[in-house]
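Spelled out, the chains give:
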Amino acid sequence: MAKGFKYEMYLAGIELDKMSSHSSDNRDILPCTMVCTNCPEYMYSYETLRETWVRACRDKGRSCHERIKYYFNHSAFDRHLKEMIFVIAYGIDHNAGIFLDYKGYTFFKEKMEKAAETGDDLPEVSPVKLSRKTPQIMRVFKSLKDFIVFSDQLRLKNRSIARQRHINGVYSLERINEVMDEKTPLFLAFNAKFSEQDPKKILQIGCVVFSLESQQDCKNYHVYIVKENSPLLSDNISVHENYADFLFASVEVLSITEMLNKFQGHISQVDFVITHSTSSEDIRNFLKAQGLDTEDKEIIDTLTLHFALFPESRKNNSMEEILKKLDIPFENHELQNAGCNAFYVMQMFRALLKKEYCACLSL
């Protein structure tokens, strides 16, 4: 993370960036919880920060590790905890978590470095992307006990989410196999990219029509750029050069109406729609909002399939981590493009359905 990088947070008209994240005076004007409007898209997971920095202290020796353990169990952490403003939100892996903005991150890091007493900086930790599907709640904890009780409740909620995703994933695998017993189904893997300034504006849609038996065919790989919104494309999701090594037949710049008509045609010809880290309900709502008809197609989430096959996997379930787990080679910069994402959604889906991954379910 570059030095000097700053997030700005606004809450109910209060510009929190102008408030000290560790000012007890300003903290007192906030209730225990409030909806966070315009929260940063990327924030820092408290759990990841704590685990990473405690591990770093343990690696520095027993005395350093003991000092950090003492810090978390006594009044110093209790005092610092009361001076931080947290955000409760869902990550893109659908797990609920406790997050900090950049100012909270630097404050927490500074206090842990002081408690460790090594004179060295703790390692930097990257922020993670938050889900926009549910409201993000700002929370101030009044005591360490309050924080511990809330954290325990959050863990129980995440276990419940994981159990349900496992059940949903097993059902999806059963449905795929039922259809495969009757015919060779066609699948549509797709991904959409939206404007950061206006999340309702579609910038790109990438999609791949495929079957599990056919060889890769570039005629079925499509990338559509929305002409009206193309000026909003940022440099990191530039178009043509990033698809040079892929099998996309073409990158088309179309009006929103032309693009949606073509995409409707792809939906109509397949049996299943495949996405990553998005529920079937959210996908149906998204497509319906664009005036598209899902025609009762079954929608499969590769993250949900992953939970069915790897039920013990509770963390590190980003697309990058799952691709690594499945030994699918990729470059991080490729995941900034809708077409490349659609390609990797297809690759993940294929890998998850291989016999070696499905054997444990006797499918």
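Residues numbered from 1 in each chain as written. Predicted model: local features only at pLDDT ≥ 70, side-chain atom pairs only at ≥ 80, totals over all residues. Heavy atoms only, no water.

Colleague: Can you help me understand the layout of surface pockets in this one?
Modeller: Where empty space is left in the structure can be found by rolling a water-sized probe over the atoms. By volume, the second largest pocket is sized at about 620 Å³. In terms of lining, the second largest pocket is formed by 23 residues, of which the most central are Arg165, Asn168, Ser279, Ser280 and Thr304. At the level of elements, helix H6 (144-182), helix H8 (280-289) and strand E14 (298-301) are the ones that each hand at least two residues to the lining of the second largest pocket. Ranked by residues supplied to the lining of the second largest pocket, first place goes to H6 with seven residues. Here the lining of the second largest pocket is composed, by residue class, of five nonpolar, 10 polar and eight charged. (1 Å grid on protein atoms, 1.4 Å probe; cavity = no way out; pocket = protein on both sides within 12 Å on 5 of 7 lines; lining within 4 Å. Points joined across faces, edges and corners; volume = space filled by probe spheres on them. Helix = DSSP H or I, 4+ residues; strand = E, 2+ residues; numbered from the N terminus. Nonpolar A, V, L, I, M, F, W, Y, C, P; charged D, E, K, R; others polar.)

Colleague: Where do I start with the pairing of strand E5 (residues 86-90) in this structure?
Modeller: As a general feature of sheets, a regular strand has side chains that alternate between the two faces. The buried fraction of E5 is high, at four of five residues. By the bridge criterion, three bridges tie E5 to strand E8 (residues 136-139) in an arrangement that is antiparallel. Each bridged residue has a counterpart across the sheet, and for Val87 the counterpart in E8 is Met138. Judged from the four bridges that link them, E5 and strand E6 (residues 96-100) form a sheet pairing that is antiparallel. Its bridge partner lying in E6, Ala89 is registered against Gly97. (Buried < 20%, exposed > 50% of the residue type's maximum accessible area, 1.4 Å probe, protein only. Pairing = 2+ DSSP bridges.)

Colleague: Before we go on, may I ask you to explain the pattern of salt bridges in this structure?
Modeller: Side chains that differ in sign of charge can pair as their charged atoms come close. According to the stated counting rule, one finds 16 salt bridges in the structure shown. Between Glu41 and Lys129 there is a salt bridge, with its nearest N and O atoms 3.3 Å apart. Of this pair, Glu41 sits in the loop between strand E3 (33-36) and strand E4 (42-45) while Lys129 is found in strand E7 (residues 128-129), placing the two residues 88 residues apart along the sequence. With its nearest N and O atoms 2.9 Å apart, the salt bridge here joins Asp152 to Arg155. With Asp152 and Arg155 both in helix H6 and three residues apart, this pair spans about one turn of that helix. Salt bridges here are not isolated pairs; linked through shared partners, they connect Lys109, Glu113 and Glu124. (Salt bridge = Lys/Arg side-chain N within 4 Å of Asp/Glu carboxyl O.)

Colleague: Just checking my understanding: could you explain the environment of Ser230 for this structure?
Modeller: You can see Ser230 is positioned in the loop between strand E11 (221-226) and strand E12 (250-254). Between the alpha carbons of Ser230 and Leu254 there is a distance of 9.7 Å; along the sequence they are 24 residues apart. Reaching out from Ser230, the side chain makes a polar contact with the backbone oxygen of Lys227 at a distance of 2.9 Å. (Polar contact = N/O pair within 3.5 Å; in protein donor to acceptor, adjacent residues only side chain to side chain.)

Colleague: When you look at the packing of aromatic side chains in this model, what are you seeing that I'm missing?
Modeller: In this description, an aromatic ring pair is defined by two values, namely the gap between the centres and the angle between the planes. Following the criterion strictly, the structure yields 27 aromatic pairs and no others. Here the aromatic rings of Phe141 and Phe147 are separated by 4.9 Å at their centres, their planes lie at 85 degrees, and the arrangement is edge-to-face. Neither residue differs from the other here; Phe141 and Phe147 are each classed as buried. An angle of 70 degrees between the planes, with centres 6.0 Å apart, marks the rings of Phe210 and Phe349 as edge-to-face. (Phe/Tyr/Trp six-rings, centres within 6.5 Å; stacked < 30°, edge-to-face > 60°.)

Colleague: Got a minute to help me understand the sheet that holds E12 in this structure?
Modeller: Here six strands make up an open sheet; going across it, the order is E12-E11-E10-E9-E13-E14 and the pairing mixed. One side of each edge strand has no neighbouring strand; the edge strands of this open sheet are E12 and E14. Averaged over neighbouring strand pairs, the angle between their axes works out to 25 degrees when direction is ignored. Bridge analysis of strand E9 (residues 187-194) against strand E10 (residues 202-210) gives eight bridges, and the strand direction is antiparallel. Residue Phe190 lies in a different strand from E10, and its bridge partner there is Cys207. Along the sheet, helix H9 (residues 302-309) contacts strand E13 (272-275) and E14; its crossing angle with E14, the most-contacted strand, is approximately 65 degrees. (Axes fitted to C-alpha atoms, helices over the stretch in contact; angles between N-to-C directions. Contact = heavy atoms within 4.5 Å.)

Colleague: I'm lost on the nonpolar core in this one. Help?
Modeller: Among soluble globular proteins, nonpolar side chains are generally buried collectively. Formed by 34 residues in total, the largest nonpolar core has its most connected members in Ile274, Leu323, Leu326 and Phe349. Secondary structure elements with two or more residues in this core: H6, E9, E10, E13, H9, helix H10 (319-325) and helix H11 (338-352). Tallying contributions element by element places H11 first for this core, with nine residues. Non-local contacts of Ile274, meaning those with residues more than four positions away in its chain, are made with Phe187, Leu188, Ala189, Phe190, Ile300, Thr302, Val345 and Phe349. (Core = buried A, V, L, I, M, F, W, Y, C linked by side-chain atoms within 4.5 Å.)

Colleague: Honestly, the confidence of the model for the chain in this entry has me stumped. Any pointers?
Modeller: Of the residues in the chain, 81% reach a pLDDT of 70 or more, and the chain-wide mean stands at 81. Between the elements of the chain, mean pLDDT differs from a low of 31, seen in strand E2 (residues 14-15), to a high of 96, seen in E13. Within the model, pLDDT remains below 50 along residues 1-31, and this stretch shows 67 contacts once partners closer than five positions in the same chain are excluded. (pLDDT = per-residue confidence, 0-100.)

Colleague: Sorry, what's going on with the environment of Arg67 here?
Modeller: With respect to the element layout, Arg67 can be found in helix H3 (residues 62-73). Given a relative accessible area of 27%, Arg67 falls into the partly exposed group. In this structure the C-alpha to C-alpha distance between Arg67 and Cys57, which are 10 residues apart in sequence, comes to 8.8 Å. Apart from residues no more than four positions distant in its own chain, Arg67 is found in contact with Ala115, Ala116, Glu117 and Thr118.

Colleague: Please clarify how the packing of H6 against H9 should be interpreted in this entry.
Modeller: When two helices pack together, you describe them by how their axes are tilted relative to each other and by the distance separating the axes. Across the interface, H6 lies against H9 with an axial gap of 7 Å and an inter-helix angle of 100 degrees. When the axes of H6 and H9 are compared, the pair comes out roughly perpendicular. Judged by residue contacts, Arg165, His166, Asn168, Gly169, Val170, Ser172 and Leu173 of H6 engage Leu303, Thr304, Leu305, Phe307, Ala308 and Leu309 from H9. Looking at the contact of H6 with H9, its residues break down into seven nonpolar, five polar and one charged. (Parallel < 35°, antiparallel > 145°, perpendicular 65-115°, else oblique.)

Colleague: How should I be thinking about the side chain of Asn191 in this particular structure?
Modeller: Of note, Asn191 is situated in strand E9. Once residues lying within four places of it in the same chain are set aside, the contact partners of Asn191 are Gln204, Ile205, Gly206, Ala338, Asn341 and Ala342.

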